[in-house]
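# Results of the structural survey
Take a look at the letters that make up each chain.
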Amino acid sequence: MTEQQHPNRATEAFFGRRKGKPLRERQAEGMATLLPALKLDLQSEAPAELSELFPVSVEELRLEIGFGGGEHLVHRARENPQTGFIGIEPFVNSMAKLLSRVDELELKNIRVYDDDATQALDWLPDASLDHIDLLYPDPWPKRKHWKRRFVSQVNLDRFHRVLKPGGMFCFASDIDTYVNWTLIHCRNHGGFEWLADQSSDWLTPFAGWPGTRYENKARREGRSSAYLTFRKV
Ligand SMILES: C[S@@+](CC[C@H](N)C(=O)[O-])C[C@H]1O[C@@H](n2cnc3c(N)ncnc32)[C@H](O)[C@@H]1O
């Protein structure tokens, strides 16, 4: 999706190409069968109880925006079988990879959306999520592109609306200017409390953290990360 295609969405996020290599046969099959079954239907109204989206009983609801390779999402879904996960990723090859894992592991607690997360956020009911993960969002490191970053006042408003009281927003990045950007935006927003007292709180990965593909790349290139946890107030 490009700025040209969405000229009126300057305050929302942008993503790059949506397709890479041709899909393997099994992945193409998953996209044809599993995607329609697991994709959120934004044309219908969201169920008042989001837990109804899942065929198994779930007690908590989590959203991961831009799951990339899906390693973190799959890890969390296996670790928390009684939590329902919504994973959003517009990149076709990444979605296909996730769906193969969901199929292989017979995971019943994942639903997906394959387009801009802002669309799904606007569909979700008020106070419906316990937790939002935004892990290594596209960094847009050049100052002139900072306004394309997913963290913005309008998207923090969206997070605030869909999180339950006391719900968590977790953010990870290896780009210093994005970490500062997020801290400043959350402080200016006023609806999020940063849960950190000392540097180890943002330098230590989240509990049970399996890493992500993008994080591994950052490490290979010599960049460390910050892990920010905010609570909705
Ligand atoms: C830098 S990658 C990180 C992927 C993964 N979280 C990781 O850590 O390996 C950012 C991801 O966010 C996705 N993305 C970008 N804009 C998005 C949007 N508006 N809605 C949902 N996903 C988005 C991209 O397709 C990409 O896969």
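Everything numeric in this text was worked out from a predicted model, so none of it was measured. (Residues numbered from 1 in each chain as written. Predicted model: local features only at pLDDT ≥ 70, side-chain atom pairs only at ≥ 80, totals over all residues. Heavy atoms only, no water.)

### Comments concerning the overall build of the protein chain
So the rule is basically this: We count a stretch as a helix when DSSP gives it H or I for four or more residues in a row; a strand needs E for two or more, and each element gets its number in order from the N terminus. Here the globule rule is a power law, 2.2 Å times the number of residues to the power 0.38, and the radius of gyration is based on C-alpha atoms. Only protein chains enter the calculation, and the probe is 1.4 Å; a residue is then buried if its accessible area is under 20% of its type maximum, exposed if over 50%, and partly exposed in between. Residue contacts are defined here by distance: any two heavy atoms, one from each residue, within 4.5 Å place the two residues in contact. In this description, accessible areas are obtained by the Shrake-Rupley approach with a 1.4 Å probe, and a residue is regarded as covered only by the protein chains that are shown.
Within the protein chain, the regular secondary structure consists of 8 helices and 7 strands. Against the compact-globule benchmark of 17 Å for 233 residues, the protein chain has a radius of gyration of 17 Å, which places it among compact chains. With respect to the three principal axes, the spread of C-alpha positions in the protein chain is 45 × 40 × 40 Å. Counting the 233 residues in the protein chain, one finds 52% classified as buried. Contacts in the protein chain between residues at least 24 apart in sequence constitute 80% of all its contacts with a sequence separation of at least 6. Accessible area of the protein chain: about 11,700 Å², with a carbon and sulfur share of 50%.

### What about the side chain of Ser100?
Locating Ser100 in the fold gives a position in helix 3 (residues 92-105). With residues near it in sequence (within four places) discarded, Ser100 still touches Arg26 and Gln27.

### Brief notes about the packing of helix 2 (residues 71-79) against helix 3
Under the convention used in this document: Only C-alpha atoms enter the line fits that serve as axes; for helices the fit covers just the stretch in contact. Angles between N-to-C directions range over 0 to 180 degrees. If an angle is under 35 degrees, it is roughly parallel; if it is over 145, roughly antiparallel; if it lies from 65 to 115, roughly perpendicular; otherwise it is oblique. What makes a crossing left-handed is the near helix being turned counterclockwise from the far one by less than a right angle; a clockwise turn instead makes it right-handed. When residues are grouped by polarity, Ala, Val, Leu, Ile, Met, Phe, Trp, Tyr, Cys and Pro land in nonpolar, Asp, Glu, Lys and Arg in charged, and all others, Gly among them, in polar.
For the pair helix 2 and helix 3, interaxial distance at closest approach is 10 Å and the crossing angle is 25°. Classed by the angle they form, the pair helix 2 and helix 3 counts as roughly parallel. Our pair here, helix 2 against helix 3, has a crossing hand that is right-handed. On the side of helix 2, the interface is formed by Glu71, Leu73, Val74 and Arg78, while helix 3 contributes Lys97, Leu98, Arg101 and Leu105. Class assignment of the residues belonging to the contact of helix 2 with helix 3 gives a composition of 4 nonpolar, no polar and 4 charged.

### Let's talk about the sheet that holds strand 3 (residues 110-113)
In any sheet, the strands associate via hydrogen bonds between backbone groups, in a parallel or an antiparallel arrangement. In plain terms, the rule: Criterion used throughout: strands pair if DSSP finds at least two bridges between them.
Taken together, the 7 strands give an open sheet; going across it, the order is 3-2-1-4-5-7-6, and neighbouring strands pair in mixed fashion. Two strands bound the open sheet, and with one partner strand each, they are strand 3 and strand 6 (192-194). For this sheet the average axis-to-axis angle between neighbouring strands, irrespective of direction, equals 20°. In this sheet, strand 5 (residues 163-173) lies alongside strand 4 (residues 129-135) in parallel orientation, the contact comprising 6 bridges. Looking at the pairing, Asp133 lines up with Cys170 of strand 5.

### Regarding the pattern of salt bridges
Pairing is possible between side chains that carry opposite charge, provided their charged atoms lie close to one another. As a reminder, the rule being used: Whenever a carboxyl oxygen of Asp or Glu lies within 4 Å of a side-chain nitrogen of Lys or Arg, that contact is scored as a salt bridge.
Under the counting rule described, the total for this entry stands at 15 salt bridges. The salt bridge involving Arg158 is made with Asp122; its shortest N-O contact spans 2.8 Å. With Arg158 in helix 5 (residues 153-162) and Asp122 in helix 4 (residues 117-123), this pair connects stretches of sequence that are 36 residues apart. For Arg158, a relative accessible area of 12% gives the class buried. Residue classification places Asp122 among the partly exposed positions, given a relative accessible area of 45%.

### Quick look at the site of the ligand
As a reminder, the rule being used: Throughout this document, a residue counts as near a molecule or strand when at least one of its heavy atoms sits within 4 Å of that molecule or strand. A 3.5 Å cut-off defines polar contacts: any pair of N or O atoms within that distance qualifies, except that in protein one atom must be a possible hydrogen donor and the other a possible acceptor, and neighbouring residues in sequence count only when both atoms are side-chain atoms.
Taken together, 19 residues lie near the ligand, and Gly66, Glu89, Leu135, Thr212 and Tyr214 sit nearest. One of the backbone nitrogen or oxygen atoms of Tyr214 is found 2.9 Å away from an oxygen atom of the ligand. About the coverage of the ligand: the protein hides 89% of its 600 Å² of free accessible area. For the shell around the ligand, the class distribution of residues is 12 nonpolar, 3 polar and 4 charged.

### Digging into the nonpolar core
Rules: Residues enter a nonpolar core if they are buried and are Ala, Val, Leu, Ile, Met, Phe, Trp, Tyr or Cys, with the set joined through side-chain atoms within 4.5 Å.
Ranked by internal contacts, the top residues of the largest apolar core, which has 38 residues, are Ile65, Ile86, Leu129, Ile132, Phe159 and Phe169. Mapped by element, the contributors of at least two residues to this core are strand 1 (60-65), strand 2 (83-88), helix 4, strand 4, helix 5, strand 5, helix 6 (176-189) and strand 7 (226-232). When near neighbours in sequence (up to four residues on either side) are disregarded, Phe169 contacts Ile132, Leu134, Val151, Leu156, Phe159, Leu163, Thr182, Cys186, Phe192, Leu228, Thr229 and Phe230. Membership of the second largest hydrophobic core comes to 18 residues, among which are Leu34, Leu38, Phe67 and Val102.

### With respect to the packing of aromatic side chains
Convention followed: Note on ring pairs: Phe, Tyr and Trp rings are taken, using the six-membered ring of Trp, and paired if centres are within 6.5 Å. Classes follow the plane angle, with under 30 degrees stacked, over 60 edge-to-face and the rest tilted. Our definition puts a charge over a ring when NZ of Lys or CZ of Arg is within 6 Å of the ring centre and also within 35 degrees of the ring normal.
Overall, the coordinates contain 11 aromatic pairs when judged by the stated rule. Ring pairing ties together the aromatic residues Phe150, Phe159, Phe169, Phe192 and Phe230, which thus form one cluster. The aromatic ring of Trp140 is capped on one face by Arg148, whose charged end is 4.8 Å from the ring centroid. Cation over ring: Arg149 sits above Tyr178, and NZ or CZ is 4.5 Å from the ring centre.

### Examining the side chain of Glu215
Among the secondary structure elements, Glu215 is positioned in helix 8 (residues 213-220). With a relative accessible area of 6%, Glu215 lands in the buried category. Not counting residues up to four positions away in its chain, the partners in contact with Glu215 are Tyr136, Trp209, Ser225 and Tyr227.

In short, the description is geometric, and any link to function would need to be established separately.
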